[in-house]
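# Secondary and tertiary structure notes
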Amino acid sequence: MAESDEQGMATEATGGIQSLDAALRVLLAMGEMKGAVGLSELARACHMPASKVHRYLASFIHAGLVRQNGRSGSYDLGPRAIDLGLAALGRHDFVNSVAEGMPELTAQTGLTSLLCVWGNSGPTVVRWERAASFIVTSLGLGTTLPLLTSATGRVCLAYLPAQVTERLLEAELERATASPRIFDGHLPNRAAIASLTADIRHRGYATVDGRFIPGLVAMAAPILDWQGQAQAVVTLIGADPSSIAEGSRALSSLKSFCAREAVPAGKPTGIA
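Analysis parameters
- Residues numbered from 1 in each chain as written.
- Predicted model: local features only at pLDDT ≥ 70, side-chain atom pairs only at ≥ 80, totals over all residues.
- Heavy atoms only, no water.
- Helix = DSSP H or I, 4+ residues; strand = E, 2+ residues; numbered from the N terminus.
- Buried < 20%, exposed > 50% of the residue type's maximum accessible area, 1.4 Å probe, protein only.
- Contact = heavy atoms within 4.5 Å.
- Areas by Shrake-Rupley, 256 points an atom, 1.4 Å probe, with all protein chains shown as cover.
- Axes fitted to C-alpha atoms, helices over the stretch in contact; angles between N-to-C directions.
- Parallel < 35°, antiparallel > 145°, perpendicular 65-115°, else oblique.
- Nonpolar A, V, L, I, M, F, W, Y, C, P; charged D, E, K, R; others polar.
- Pairing = 2+ DSSP bridges.
- Phe/Tyr/Trp six-rings, centres within 6.5 Å; stacked < 30°, edge-to-face > 60°.
- Lys NZ or Arg CZ within 6 Å of the ring centre and 35° of its normal.
- Core = buried A, V, L, I, M, F, W, Y, C linked by side-chain atoms within 4.5 Å.
- Expected span 1.5 Å × (residues − 1).
- Arc of directions from axis to C-beta.
- Salt bridge = Lys/Arg side-chain N within 4 Å of Asp/Glu carboxyl O.

### Here we look at the overall build of the chain
Per the secondary structure count, the chain includes ten helices and seven strands. Buried residues in the chain amount to 44% of all 272 residues. Across the chain, contacts joining residues at least 24 apart in sequence account for 54% of those joining residues at least 6 apart. Surface exposure of the chain reaches about 14,600 Å², of which carbon and sulfur atoms provide 54%.

Here it is in structure tokens:
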């Protein structure tokens, strides 16, 4: 092997491949965006010429890591990016440990159970255990849930630092102002949200009724670390409104399950 080739390989081995580093910077920048993004905006965020970013995007689209919206032309993360994220999460011992108990929780309660962790776009479903009684829902692995109108999101609001949830919360408050019907005319504000989260911390769980997921109800509780922050959220979904009533058997089972799975001091999870 020529000396120049050996030097080139050594440079790549120790310092990385420059073009690949730049391409990954584009992909990581997309992950930090609130949603789909235009080419010019993405190029500015990456401090690159738009023509260069466009070439990287074409390769990512071919690999399924990025998709382009036909009508607007904007770009967003694609299905293979979701697969990678879920695969990484699936290899965490913490996620697997909690997931192992979900079939028993589902059997005890008769309700479908979800395990969610916080991702770049908010609470994200990483495990799903279906109950025997079938429910019709668009939820699935990789689904991201809203903060204000899902039990899972409300638990995140109550048990994660404000700086973690603020960006998504601000975006949802803006959308709520534009479309107030889902809140029955009672638009959420900062004071109401503070009162809601204080109540959730007092009770140890959050619920939502059929206003937000028609025909279904949901309850969620956190799996806390030693600092009292949510490392994950376990959610139960069903059709019977009595299941989310204070003192119900399902709520008791959910709270007990999450308490058993709490993360002790010194045990890292890599989640949230």
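### A word on the packing of helix α3 (residues 39-46) against helix α4 (residues 50-63)
The geometry of α3 relative to α4 is characterised by a closest axis approach of 9 Å and an angle of 105° between their N-to-C directions. Between α3 and α4, the interaxial angle falls into the category roughly perpendicular. For the pair formed by α3 and α4, the contact residues are Leu-39, Leu-42 and Ala-43 on the first element and Ala-50, Val-53, His-54 and Leu-57 on the second. Broken down by class, the residue content of the contact of α3 with α4 amounts to six nonpolar, one polar and no charged.

### Looking at the pairing of strand β3 (residues 112-119)
For β3, the buried fraction is high: eight of the eight residues fall into the buried class. Covered by surrounding structure in β3 are Thr-112, Leu-114, Cys-116 and Trp-118 together with Ser-113, Leu-115, Val-117 and Gly-119, the residues of both alternating faces. For β3 and strand β7 (residues 230-238), the ladder comprises five bridges, and the chain directions are antiparallel. When the sheet's bridge partners are listed, Cys-116 is paired in β7 with Val-233. Here seven bridges tie β3 to strand β4 (residues 122-129), and the two strands are oriented antiparallel to one another. Residue Leu-115 lies in a different strand from β4, and its bridge partner there is Arg-127.

### Some remarks on helix α7 (residues 151-159)
Burial within α7 is extensive, with nine of its nine residues counted as buried. Taken as a whole, α7 has its buried residues at Ala-151, Thr-152, Gly-153, Arg-154, Val-155, Cys-156, Leu-157, Ala-158 and Tyr-159.

### Section: the packing of aromatic side chains
In the structure shown here, the tally under the stated rule is zero aromatic pairs. Across from the ring centre of Tyr-205, 4.7 Å away, lies the NZ or CZ of Arg-203, which sits over that ring.

### Observations regarding the nonpolar core
Judged by nonpolar contacts, the single largest core of 30 residues is most densely connected at Leu-114, Leu-147 and Leu-169. Among the elements that take part in this core, α7 stands out by supplying six residues, more than any other. Beyond its immediate sequence surroundings of up to four residues, Leu-114 is in contact with Met-102, Val-125, Arg-127, Trp-128, Leu-139, Val-233, Val-234, Thr-235 and Ile-237. Counting 24 residues, the second largest nonpolar core, distinct from the first, contains Val-95, Ile-223, Val-234 and Ala-250.

### Quick look at α4
Given a rise of 1.5 Å per residue, 14 residues ought to cover 20 Å, and the 20 Å separating the end C-alpha atoms of α4 matches this to within 8%. Residues of α4 that are buried: Val-53, Tyr-56, Leu-57 and Phe-60. Along α4, the residues classed as buried sweep out an arc of 105° about the axis, all on the same side. Structural note: α4 exposes Arg-55 and His-62 on the side pointing more than 90 degrees away from its buried face. Contacts made by the buried residues of α4 are with α2 (18-32), α3, β1 (66-68) and β2 (75-77). Following α4 by one or two positions, Gly-64 adopts a phi angle in the positive range, close to 85°.

### Points about the pattern of salt bridges
Within the structure shown, the criterion is met by four salt bridges. We note a salt bridge from Arg-67 to Asp-76, for which the minimum N-O separation is 3.6 Å. The class for Arg-67 is partly exposed, based on a relative accessible area of 40%. Put simply, Glu-170 and Arg-190 hold a salt bridge, and the shortest N to O gap is 2.7 Å. Note that Glu-170 is positioned in helix α8 (residues 162-178) and Arg-190 in helix α9 (residues 190-203), a separation of 20 residues in sequence. Taking the relative accessible area as the measure of exposure, Glu-170 reaches 32% and is therefore partly exposed. A residue is classified by how much of its surface remains accessible, and Arg-190, at 40% relative accessible area, is partly exposed. One continuous salt-bridge network, built from bridges that share partners, spans Glu-166, Glu-170 and Arg-190.

### Regarding the pairing of β7
Within β7, nine of the nine residues are buried, leaving the element largely enclosed by the surrounding structure. When strand β6 (residues 217-224) meets β7, the two strands line up antiparallel, connected through eight bridges. Residue pairing in the sheet places Ala-220 in a bridge with Thr-235 of β7. Between β6 and the antiparallel strand that follows it, β7, lie five residues; Gly-228 among them carries a positive phi value of about 80°.

The analysis is restricted to geometry; functional conclusions fall outside its scope.
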